[in-house]
Each structure stands twice: as C-alpha cells, then as structure tokens.
Amino acid sequence: MTIEQSALPFTRRSLLAAGAALALPLPAAAARSPSSLAALGAAKGIRFGSTIGGKTMADPRYRQLNAAECALIVPENEMKWAALRPDARHFDFRAADRIVAWSTANDIGVRGHTLLWHSERWMPQWVADHDYGSSPAIEAERLLVDHVATVAGRYADRVDSFDVVNEAIDSETGKLRETALSRHLGAIETLELAFRAARQAAPEAQLVYNDYMGWRSDEGLHRDAVLRLLEQLRKRRAPVDALGVQSHLGSKFSDTPTGLGSLDETAWRRFLDEVTGMGFDLLVTEMDVHENPLPGDIAVRDAQVAAHARAYLDLMLSYPQTKTVICWGLSDRYSWLGDFRQRPDGLPKRPSPFDANYKRKPFRDAIAAAFNAAAPR
Ligand code: G3I
C-alpha cells in the first residue's frame, strides 16, 4: 500500500471489507452481561479493556472472551512502526485494520498504541539506516510528521485515545533516550513534534504519554524523570492530555527475595498528585502482575496476585482522573510475560485475569471488586 492510498481515512466500508474474513461473532454489546468488567466499569464511568493481535486475534475463544469483558481494545503490536512500516515509503495497515474492524463490529472502542515508541530498539532498523540527506533535521521531521499524520488521521474516527509517545525515558539513567530521529531533531523537540502532529491529525482524541514507572521503591529515578518530562512538555505547550501508567506490576527480576517488591506508596501518591495537579488525566494502560517470586502453589499465588492488583487499583481509582483501566492481555495463555524471565521453579506463569483455559481467576474478581468499590466519575 502506498503512502497516497494509506492517507485515506478508515471508513466503515474499508472496515467491513477488512472484517469480512473474520466470521464476526455476535455484536458484543448484546453478549456483554451486566456483570462483565465492561459493564461494572461503565457503571462508575470507567472504561475497561485489554489487548488483542497476532495469535490472540486468530483465536476465536480469545476474541469471544474480549468481546464479553471489554469496552476497549488496544492492538498489542499492530499499530507500532515495526508492524506498520516495512520501509520509509510504505504503510501496511492490514493487521491493524482487521482489529479495528473486529472491534467496530463488536461495539468495542479502540486505543491507538503507539505513534512513536521513542526507543531505537523498538523502531524498525530502516529508521536508523535511512538516508537523511543534506538537511537531516528536515527529513527527520518529514518522516515523523508523515507517519503520525497518516496513522492518526486514518484511525481518527475510531480511535479516541492515542499513546502518542511511548517510553521516552531510560529508566536506568532518568535521561531521555536518543533515536535516529532525535539525533537530528533533539529529544524533547521530537516528542513535542509527535504530539503536535497527533493533535492536528486527530483533534478530538485524547493524547497520552505512556510509560512504565511504578510504585516500587526502586523506581524513584524513573518517576522523577517522568515528572520533569511532563513539565517540559507543558512548558512548551505540547498538546498532552494524560499520563498512561502502564502498570506492569510485580518484581523486576525473578530472583528478588521480596515477593512483589518493596513498595513506596507515599512516593507513588506524591507522584500521582503532581501529575494530576498539572492537569493531566491518568490511565492504567497495560496492567498485569509478574508473579515470578511468589510461591508455586496456584491457590496461594493467585490470591496474592489478586490482593496486589486490588490494592493497586483501589489506589489508582481513588483518583477521579483515572477513567480507563486496560489489562495487557486477558489470558495466561498468551501473556508477553510467558517469554520474559522464567520462574525459578520453571512453572508456567499466571500474570493475567484469566488462566490459560480462559477460566476466570481471583485477579479478574479483584478488578470487578475494585470497580464496585470505586466512586463514580
Ligand atoms: O510477528 C513476529 C513473527 O512473525 C516472528 O516469527 C516472531 C519471532 O520472534 O516475532 C514476531 O513478532 C514479535 C511480536 O511481539 C509479536 O509476537 C516480536 O518479535 C516481539 O518483539 C513482540 O513483542 C512485543 C513487545 O511489546 C515489542 O513490540 C510484545 O508482544 C508486546 O506485548 C510488548 O508490549 C509492550 C508495549 O508495547 C509497551 N510497554 C511494554 C509492553 C510489554 O513489553
């Protein structure tokens, strides 16, 4: 698909064409019961959702689970540069279009993730190898603005919230990362440009800075750096509406002896107070619980995961600015954590609200209980 063709907006017609091959299930609004997470959240003004894509999109049982529980879907990988951009001239929207078409047919909203993953590691190699010519800043700006305008513009009438920039900070140093684009444009300038281009292409959408700083006591450097970044963007009047708090809970390393990590709730509240004090909304964008150091016994492990998730959600939902809660996958069968640092006992991981056979777990009930306990917003 050429850039010219891809600039066309994502119309209902193209959407139905893309969805036709999928044997679409029942409209999910009908399938969602009043006790679904979507309905329990909606009763309090909270949108609940999860990710889909790749293998999970090909699994009808997984699609059905999402249709039954979710008001919102995020393509797990399909809206990233790595998926959309085979090279500097072309876009391939097929996989993203199929997810958007399926979501539309099932009456589920869509979040866009992500217009700029500001990390060399997660951008396609061609971005680093690209010939930026004799006016490299102009070419870098053209490339970035063209990408953001094309993608945000295409989905503007279906996606009402975009992770415009993802993970711009190196959490080990607290500094902004460098990429091929930012080496020509400047780091903060690159981020500002992405937000401005997104606002122009999707003027109605919520624009989000998304990152993985959290409430563990070893995450202070990252939290401070995010605050500094939000302040800088605000000073430059970049159109940022909200902070996406990824919420990959649990320990960083499988060998940590301290269970789910030592938490600094006071520092976390101070952080959230500062973010909301600057006028930003909050979203929980990628929740799961990495339970590597917890005991192997399934009942014990699941109960501890659920208690951890409940305490975290109660805190996050005590902020009326938190109106979106998204899990990074619903089932243990497909969690990205399955391939990320094995448990010391070698047992399969259980980081999601449903098990590998789509059976609900205490984590799922903890989310429901947190929604029931939350104040309306
Ligand atoms: O699709 C290819 C497949 O064709 C190939 O055979 C296979 C071989 O490795 O790779 C497949 O692509 C993988 C893709 O997931 C789909 O499974 C990539 O290698 C792999 O890097 C990619 O991982 C994703 C990761 O982001 C990097 O994009 C994870 O699924 C996804 O869960 C993860 O999500 C991130 C968020 O975007 C940002 N926050 C953290 C979160 C978890 O890491």
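Up top is the structure.
Let us look at the structure shown here.

Rules used in this analysis
Residues numbered from 1 in each chain as written. Predicted model: local features only at pLDDT ≥ 70, side-chain atom pairs only at ≥ 80, totals over all residues. Heavy atoms only, no water. Helix = DSSP H or I, 4+ residues; strand = E, 2+ residues; numbered from the N terminus. Buried < 20%, exposed > 50% of the residue type's maximum accessible area, 1.4 Å probe, protein only. Contact = heavy atoms within 4.5 Å. Areas by Shrake-Rupley, 256 points an atom, 1.4 Å probe, with all protein chains shown as cover. Axes fitted to C-alpha atoms, helices over the stretch in contact; angles between N-to-C directions. Left-handed = near helix turned anticlockwise from the far one by under 90°. Nonpolar A, V, L, I, M, F, W, Y, C, P; charged D, E, K, R; others polar. Parallel < 35°, antiparallel > 145°, perpendicular 65-115°, else oblique. Core = buried A, V, L, I, M, F, W, Y, C linked by side-chain atoms within 4.5 Å.

With that settled, the discussion passes to the overall build of the protein. Secondary structure summary: the protein contains 15 helices and 9 strands in total. In the protein, which comprises 377 residues, the share counted as buried stands at 56%. Looking at the protein alone, contacts between residues at least 24 apart form 80% of all its contacts between residues at least 6 apart. When the accessible surface of the protein is split by element, carbon and sulfur atoms take 53% of a total near 15,400 Å².

Right, let's talk about the packing of helix 11 (residues 187-201) against helix 12 (residues 220-235) for a bit. For the pair helix 11 and helix 12, interaxial distance at closest approach is 11 Å and the crossing angle is 60 degrees. In the crossing of helix 11 with helix 12, the sense of the turn from one axis to the other is right-handed. Facing helix 11, whose interface residues are Ile188, Leu191, Glu192 and Phe195, helix 12 presents Leu229, Gln232 and Leu233. Considered class by class, the residues forming the contact of helix 11 with helix 12 number 5 nonpolar, 1 polar and 1 charged.

Axis angle and axis distance: for two packed helices, these are the angle between their axes and the distance between the axes, and together they describe the pair. Taken N-terminus to C-terminus, the directions of helix 14 (residues 298-317) and helix 15 (residues 362-373) make an angle of 25 degrees; their axes are 8 Å apart at the nearest point. Between helix 14 and helix 15, the angle falls in the class roughly parallel. Two packed elements cross with a definite hand, and for helix 14 against helix 15 that hand is right-handed. Here Asp302, Val305, Ala306, Ala309, Arg310, Leu313, Asp314 and Leu317 of helix 14 lie close against helix 15, whose contacting residues are Pro362, Phe363, Ala366, Ile367, Ala369, Ala370, Phe371 and Ala373. Here the residues of the contact of helix 14 with helix 15 are counted per class, giving 13 nonpolar, no polar and 3 charged.

So, about the nonpolar core. Counting residues in each nonpolar core, the largest one holds 100 residues, and the members touching the most others are Phe162, Leu181, Tyr209, Leu243 and Trp268. Those residues in contact with Tyr209, other than ones at most four positions away along the chain, are Val165, Glu167, Ala168, Ile169, Phe195, Val226, Leu229, Leu230, Val240, Ala242, Leu243 and Gly244.

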